[in-house]
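# An overview of the molecular structure
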Amino acid sequence: MFGEDGGLLRELLVERFNYCIYVVLLLIGLYAMIAKNNLIKKLIGMSIFQTAIILFYVSLGVKEGASIPIYKPEHDPHGHHAEDHADHKPKDANASSSASADAHDDHHEVQALTDEQTRQYANPLPHVLMLTAIVVGVATLGVALAVVQRIYRAYGTIEEDEVMKAIMEESQGIPSTKGSPKSKKGASKKRKAKKA
Amino acid sequence: MSGLELFNVFILVFLVVAAVIALRVKDLLIASVVFGIYSFLMCLLWAEMGAVDVAFTEAAVGAGVSAVFLIATVFNVKRDSSD
């Protein structure tokens, strides 16, 4: 019983350590998005959340003892064919024997890798999916930061509670009395923009 | 534990440390730079895990463009944060 338990713990902490850290990073990001008051801190938390999910997906594609998912020279049907073609070309020009023509035909057909061969490569499918996710992530971050700059120009702050207070006061028609002159200027600018 | 596994664990621990520092410092410029370090560590980890295409993209986009966006925004707004 104890030995089995120890095995489980070992599997969790040594072989599946990636997944533990993935959960920790996910929760750090989620905490920052909910509890942090500063808008830029919230966005950093969002990015950490995104990369944690990408880490999980990339971890799914890992195989023990596997290399990167690019054809090794001996497995690549096209690379082998091209190499062979270059070898045979002068021969064909000199004397087109039937044997060399047969060999030529052989290398034209693309053959699928066997299971034994595919086991030597990491699974590329999660990588391709996550490539899209990274690009979407940076686009999201760019738009969000642009909105943060716009909020700063309108309210003079990027702290969530102060922005909420300013919005509440504005909606109740009470002119904001306290606050830096910058924020007052920003608020009046915002009102001007609304009138126009 | 092989050398590669040790490298993996080392980077994973530093990832959590970098994430926590990026969220705890009051200076937003430091937070942005530490976030760039976090992205670069993540990129190293993916290269080690065999996802070289994802690692390239993360190095260019995560550690490069995202960090530049964050720093540019920090210079356009206040540098200090309440939390």
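All values reported here derive from a predicted model rather than from experimental measurement. Going along each chain's sequence as written, the residues are numbered from 1 onward. The lettering of chains begins at A and the numbering of ligands begins at 1, in the order of writing. Restriction of local features to residues with pLDDT of at least 70 applies here, the model being predicted, together with a cutoff of 80 or more for giving and counting side-chain atom pairs; totals for whole chains, interfaces and linings are based on all residues. Each side-chain value is worked out from all heavy atoms of the structure, with water and hydrogens disregarded.

## Regarding the domain arrangement of chain A
Residues and elements named next belong to chain A. Domains assigned within chain A are domain 1 (2-70 + 123-155) and domain 2 (72-120). Each partner contributes residues to the interface: domain 1 has four residues there, and domain 2 has four residues. Overall, the association of domain 1 and domain 2 removes approximately 290 Å² of surface from exposure, summing both partners, and the carbon and sulfur fraction of that is 33%. Broken down residue by residue, the surface that domain 1 buries against domain 2 is led by K63, S67 and I70, which jointly contribute 79%. For salt bridges, the criterion is a side-chain nitrogen of Lys or Arg within 4 Å of an Asp or Glu carboxyl oxygen. On the surface where domain 1 and domain 2 come into contact, there are zero salt bridges. In protein, a polar contact means a hydrogen-donor-capable atom and an acceptor-capable atom, both N or O and within 3.5 Å, with residues adjacent in sequence counting only if both atoms are side-chain atoms; elsewhere, any N or O pair within 3.5 Å suffices. For the interface between domain 1 and domain 2, the tally reads three residue pairs in polar contact (both at pLDDT 80 or more). Note on residue classes: Ala, Val, Leu, Ile, Met, Phe, Trp, Tyr, Cys and Pro are nonpolar, Asp, Glu, Lys and Arg are charged, and everything else, Gly too, is polar. Of the residues that constitute the side of domain 1 that touches domain 2, the class distribution is two nonpolar, one polar and one charged. Residue ranges for the domains trace back to a domain assignment, done automatically or taken from a database. Two residues qualify as a contact provided that any one of their heavy atoms is within 4.5 Å of a heavy atom in the partner residue. Accessible surface is computed with a 1.4 Å probe, and the buried area is the amount of it that two parts give up when combined, taken over both parts together.

## Considerations on helix α2 (residues 17-35) of chain A
All names here are of chain A. Its 19 residues give α2 an end-to-end C-alpha distance of 27 Å, which sits within 8% of 27 Å, the value for a rise of 1.5 Å per residue. Here's how the labels work: a residue is buried when its accessible area is under 20% of the maximum for its type, exposed when over 50%, partly exposed in between, all with a 1.4 Å probe on protein chains only. Strands are runs of DSSP state E lasting at least 2 residues, helices are runs of H or I lasting at least 4, and numbering of each runs from the N terminus. Where α2 is concerned, the buried positions are F17, N18, I21, Y22, L25, L26, I28, G29 and A32. Along α2, the residues classed as buried sweep out an arc of 170° about the axis, all on the same side. Those residues of α2 that are exposed and aimed more than 90 degrees away from the buried face are Y31 and I34. A helix is expected to reach a length of 1.5 Å times the quantity of its residues less one. Directions from the helix axis toward the C-beta atoms define the arc.

## Regarding the interface of chain B and chain A
At the junction of the two partners, chain B supplies 45 residues and chain A supplies 41 residues. Between chain B and chain A, the buried area comes to about 3,700 Å², and carbon and sulfur atoms account for 76% of it. Three residues stand out in chain B for area buried against chain A, namely L23, M49 and K78 of chain B, and they jointly supply 18% of the buried area on that side. The interface formed by chain B and chain A contains zero salt bridges.

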